[in-house]
Amino acid sequence: MEKKQLDWANIGFGYMPTDARYVSNFKDGAWDDGVITADANVTLNECACVFQYAQTCFEGLKAYTTEDGHIVCFRPDLNASRMADSARRLEMPVFPEDKFVDAVCQVVKANQAWVPPYGSGATLYIRPYMMGTNAVIGVKPASEYQFRMFVTPVGPYFKGGAKPLTITVSDFDRAAPHGTGHIKAGLNYAMSLHASITAHSNGFDENMFLDPQSRTKVEETGGANFIFITKDGTFVTPKSDSILPSITRRSLMIVAEKYLDMKVEHREVYFDELKDFAECGLCGTAAVISPVGKINDHGKEICFPSGMNEMGPVIQKLYDTLTGIQMGHIEDKEGWVKTIC
Ligand code: PLP
Ligand code: COI
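Residues numbered from 1 in each chain as written. Chains lettered and ligands numbered in written order. Predicted model: local features only at pLDDT ≥ 70, side-chain atom pairs only at ≥ 80, totals over all residues. Heavy atoms only, no water.

Caption draft 1: Spatial organisation of the overall build of the chain. Of the regular secondary structure elements, the chain holds six helices and 17 strands. Against the 2.2 N^0.38 benchmark of 20 Å for 341 residues, the chain shows a C-alpha radius of gyration of 20 Å, consistent with a compact globule. In terms of overall dimensions, the chain has a C-alpha envelope of 55 × 50 × 35 Å along the principal axes. With 341 residues in all, the chain has 53% of them scored as buried. Long-range pairs, those at least 24 residues apart, make up 72% of the contacts in the chain between residues at least 6 apart in sequence. About 15200 Å² of surface is accessible on the chain, with carbon and sulfur atoms providing 50% of the total. (Helix = DSSP H or I, 4+ residues; strand = E, 2+ residues; numbered from the N terminus. Rg over C-alpha atoms; globule rule 2.2 N^0.38 Å. Buried < 20%, exposed > 50% of the residue type's maximum accessible area, 1.4 Å probe, protein only. Contact = heavy atoms within 4.5 Å. Areas by Shrake-Rupley, 256 points an atom, 1.4 Å probe, with all protein chains shown as cover.)

Take a look at the structure:
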């Protein structure tokens, strides 16, 4: 298999069509067998439920080339079960979790030429998603659905790579209490677009959303969870029913505890505590771990001691350990890595 001739070290986080994608349709109460296809386009009726009432959810995970030349992915079973949770909350049929993992393997294998080489700094982003496809005009769930999965090679999510980010506290809410913040519904991301454009136009890299009820607790950004390191080296990460249960964050809690022997606290984090933390980062599949140097709260700055030039030392260790497990040069003690080929 010939690798594509891409400038792997300099690709951004964008979409490029690759050779193959997976498609499965749900009709008359059942999913079909699913196929790999070359067709990147979706043709739907103008009144499809996804267009009218945003009945869609998605996932995101990555495939990596390991040091010894295998192609692997990281905890795809958790993406499968989170997508099942999203589907249930949106009154969509669950795509079977074992078929989800099998589809990941099929799509990645069919696109091996697009998997960035080991050490290139790039990875293959995998985007599973599903939507209500039949015409619906009264507000109700669709009865027909399509599940798709495509891949695209990606570089760093944030333009500066590992340069610390400046975050602003948003005046907008991302998710309502008892709403859909805990699932990966497309509607949550539509809700965050105005906040995100506003933050960017004010010169900030990302938003920090606070809990909508009291606006005193840290939630997350539009696409990543927060992690903090206290001055005495404890790993702290917000707990809330309205944030997405990040697979990266759940893995980092275990990395911190079991690989790095750190104390871990998963709890409500009050905004007022931030000034006392030593390090801050964003974590997620796309973000990996991106360091945060500064948080701007309506003109009042919280500057983390780790500064604006590099990752803090503890976040660097977490980053090295997590990516080391993913790339195969640190022992995968938990059985997280699935070899595809
Ligand atoms: N929070 C939000 C809102 C996200 O969209 C994502 C990305 O999936 C994350 C957190 C990180 O989750 P994960 O680590 O599972 O990619
Ligand atoms: C991911 O990290 O996979 C995400 O879905 C975040 C994003 C690109 C919105």
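So much for the structure itself; the text now carries on.
Caption draft 2: Expanded view of the site of ligand 2. The full set of residues close to ligand 2 is Phe58, Gly60, Tyr125, Arg127, Tyr157, Lys184, Tyr189, Gly223, Thr285 and Ala286. Tyr125 places a polar side-chain atom, nitrogen or oxygen, 2.6 Å from an oxygen atom of ligand 2. The fraction of the free accessible surface of ligand 2 (280 Å²) that becomes covered by protein chains is 88%. Judged by the fraction of its atoms near the pocket grid, ligand 2 is located in the largest pocket. (Near = heavy atom within 4 Å. Polar contact = N/O pair within 3.5 Å; in protein donor to acceptor, adjacent residues only side chain to side chain. 1 Å grid on protein atoms, 1.4 Å probe; cavity = no way out; pocket = protein on both sides within 12 Å on 5 of 7 lines; lining within 4 Å. Sits in = over half its atoms within 2 Å of the grid points.)

Caption draft 3: The arrangement of the site of ligand 1 in detail. Around ligand 1 sit 16 residues, and of these Tyr189, Glu220, Ser246, Thr248 and Thr285 come closest. A distance of 2.5 Å separates a nitrogen atom of ligand 1 from a polar side-chain atom of Glu220. One nitrogen or oxygen atom from the side chain of Thr248 is found 2.5 Å from an oxygen atom belonging to ligand 1. When ligand 1 is considered free in solution it has 390 Å² of accessible area, and contact with the protein chains removes 96% of it. The cavity where ligand 1 resides is the largest pocket. Elements supplying a minimum of two residues to the shell around ligand 1: α5 (247-259) and β14 (277-284). For the shell around ligand 1, a count of residues per class yields five nonpolar, seven polar and four charged. (Nonpolar A, V, L, I, M, F, W, Y, C, P; charged D, E, K, R; others polar.)

Caption draft 4: View of the layout of surface pockets. A volume near 1000 Å³ is recorded for the largest pocket. As for the largest pocket, its lining consists of 48 residues, and the residues nearest its centre are Phe13, Arg127, Tyr157, Gly223 and Ala286. Elements that contribute at least two residues to the lining of the largest pocket include exactly β4 (56-58), β7 (123-132), β8 (145-154), α4 (186-201), β10 (206-208), α5 and β14. Looking at the lining of the largest pocket, the element that brings in the most residues is α4, giving seven residues. Considering only residue class, the lining of the largest pocket consists of 24 nonpolar, 16 polar and eight charged. Inspection of the lining of the largest pocket shows a minimum of three residues originating in each of domain 1 (8-154) and domain 2 (165-325). The calculated volume of the second largest pocket comes to roughly 670 Å³. Lining the second largest pocket are 42 residues, and of these Lys62, Gly121, Val288, Tyr319 and Thr323 lie nearest its centre. When contributions to the lining of the second largest pocket are tallied by element, the ones reaching two or more residues are β5 (61-65), α5, β15 (288-297) and α6 (313-327). Counting residues per element, the lining of the second largest pocket draws most heavily on α6, at eight residues. (Points joined across faces, edges and corners; volume = space filled by probe spheres on them. Domains from an automatic or database assignment.)

Caption draft 5: Structural context of the pattern of salt bridges. Going through the model one piece at a time under the given rule, you end up with 11 salt bridges. Among the ionic pairs, Glu268 bridges to Lys217, the shortest N-O distance being 3.2 Å. Note that Glu268 is positioned in the loop between β13 (264-267) and β14 and Lys217 in the loop between β10 and β11 (225-230), a separation of 51 residues in sequence. Under the relative-accessibility criterion, Glu268 is labelled partly exposed at 41%. Here Lys263 makes a salt bridge to Glu265, at a shortest N to O gap of 3.2 Å. You can call Lys263 exposed: its relative accessible area is 52%. One connected set of salt bridges, linked through shared partners, spans Lys263, Glu265, Arg267 and Glu273. (Salt bridge = Lys/Arg side-chain N within 4 Å of Asp/Glu carboxyl O.)

Everything listed is a geometric property; what it means functionally is a separate question.
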